[in-house]
Amino acid sequence: QEYIELFKAKEALLEKASPSFMMNIREEAIHEFGLTGLPDRKDELYKYTSLQKLFEPGYTMQLQPSNVDFRVEDIFNCDVPNLETRLEIILNGFYKVNGAALTEFDNGIIIGSFAEALRKYPELVKEHYARHAGIKKDSLVALNTAFAIDGLFIYVPRGQVLEDPVQVVHLPMTGVDTMLHYRNMFIMEENASAEVIVCDPTLSPFRFLTNSVTEIYAGSGASFHYSRIQTEHLNSNLLTNLFIHQEADSNVRSNTITLHGGLIRNNTHVLLNAPGCNNETYGLFMSDKNQHIDNYVNVDHARPNCTSTQLFKGILDEQSTGAFNG
């Protein structure tokens, strides 16, 4: 009820940031969330992870960009030697503009703010938004769909290759306990190719609860590599939903590496929607103290003659706990 009332109170702000088709989806999403509520251990998919305490009152929900001025290079990097990437920052759920909100290359590739892409290319976003990340699949997805305003958008048109990997730093940085929702969308058209590396650090000592959704579309013959490195502190809790939609002869590899955090739940949903798809889903989690790390994977072989591979490994120390459900 608290989130339904918050949605009503912030409806004008959300409507300002949304074209009509998205506002309709937001309203449908908050209605769906009201019907199902937060997942609990009675839900088969969450039987190893209790989320109820995470959502206890006390957070400020971040629904507008933050005015924090800094050079991220001075305070953080993914600590991968000799890694040459295009660096993009999502600060408290909003794209941190460093020049243009969208970079549009001569070959048609677009990188930048999801909110700006929605404003400038609404039909392109509409074609994929909430099509792969269905709000009925998980109430956390419904909650994100209701409140998320910005994130990172990448579009690679037919036959094009994004030469340098994109490093995305999702940075929570506030002076109060904060709940964050952001939305990433990566669209690979036919025979397109790209690589994205996501880093999840926390630098502020406050409590954070992040609920994120990422939608990946890989068209026929497309190739996409997605890596995520999670290094949050013990007061940071991270809920991720990754949705991968693949068409004929596409190749997608995802790798989630969890090194530190409070409670972390990673959901990966893969739809192999045409013959010849290949999907590789990997994960590594290492934890100590009282951390809890839960990975859930669902791969839907919706069409014949597809291949999927899963490999997850975990190392648990002290009182930490882990779960894998696939």
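That block above? That's the structure.
Analysis parameters
Residues numbered from 1 in each chain as written. Predicted model: local features only at pLDDT ≥ 70, side-chain atom pairs only at ≥ 80, totals over all residues. Heavy atoms only, no water. Helix = DSSP H or I, 4+ residues; strand = E, 2+ residues; numbered from the N terminus. Rg over C-alpha atoms; globule rule 2.2 N^0.38 Å. Buried < 20%, exposed > 50% of the residue type's maximum accessible area, 1.4 Å probe, protein only. Contact = heavy atoms within 4.5 Å. Areas by Shrake-Rupley, 256 points an atom, 1.4 Å probe, with all protein chains shown as cover. Lys, Arg positive; Asp, Glu negative; His and termini not counted. Charge placed at Lys NZ, Arg CZ, Asp CG, Glu CD. Core = buried A, V, L, I, M, F, W, Y, C linked by side-chain atoms within 4.5 Å. Pairing = 2+ DSSP bridges.

Student: Explain the overall build of the protein to me, please; I cannot follow it from the model alone.
Tutor: Of regular secondary structure, the protein possesses seven helices and 18 strands. Taken over C-alpha atoms, the radius of gyration comes to 19 Å for the protein, in line with the 20 Å a tight globule of 326 residues would show. Its C-alpha atoms give the protein principal-axis dimensions of about 50 × 45 × 45 Å. Scored against the burial criterion, the 326 residues of the protein give a buried share of 53%. For the protein, restricting intrachain contacts to residue pairs at least 6 apart in sequence, the fraction spanning at least 24 positions comes to 85%. For the protein, the exposed surface amounts to about 14,100 Å²; the carbon and sulfur share of it is 47%. Treating the 26 positive side-chain charges of the protein as one cloud and the 41 negative ones as another, the clouds have centres 4 Å apart.

Student: It is not clear to me how the nonpolar core should be interpreted in this structure. Could you clarify?
Tutor: Note on soluble globular proteins: their nonpolar side chains tend to be buried together. Counting 28 residues, the largest nonpolar core has Leu 152, Ile 154, Phe 186, Met 188, Val 196 and Phe 224 as the members making the most contacts within it. Those elements that place two or more of their residues in this core are strand 6 (152-156), strand 7 (166-171), strand 8 (178-188), strand 9 (193-201), strand 10 (208-218), strand 11 (223-231), strand 12 (236-246) and strand 14 (263-272). When residues no more than four places from it in sequence are discounted, the contact partners of Ile 154 are Ile 110, Ile 111, Leu 162, Val 166, Met 185, Phe 186, Ile 187, Met 188 and Val 196. If you look at the next biggest cluster of nonpolar residues, it comprises 26 residues, including Tyr 59, Phe 94, Leu 239 and Leu 263.

Student: What should I look at first to understand the pairing of strand 5 (residues 110-113) in this one?
Tutor: One ladder, built from three bridges, connects strand 4 (residues 102-104) with strand 5; its direction is antiparallel. Counted as the bridge partner of Glu 104 is Ile 110 from strand 5. Linking two consecutive strands that pair antiparallel, namely strand 4 and strand 5, is a turn of five residues; a positive phi of about 95° is found at Gly 108 within it. Where strand 5 meets strand 6, four bridges bridge the pair, whose relative direction is antiparallel. Bridge assignment links Ile 111 to a residue of strand 6, and that residue is Ile 154.

Student: Even after reading the chapter, I still don't get the side chain of Ser 212, so can you show me in this structure?
Tutor: Among the structural elements, Ser 212 can be located in strand 10. The class for Ser 212 is buried, based on a relative accessible area of 0%. Excluding its chain neighbours within four sequence positions, the residues that come into contact with Ser 212 are Asn 144, Tyr 182, Arg 228, Leu 239, Thr 240 and Asn 241.

Geometric descriptors of this kind do not, in isolation, establish any biological role.
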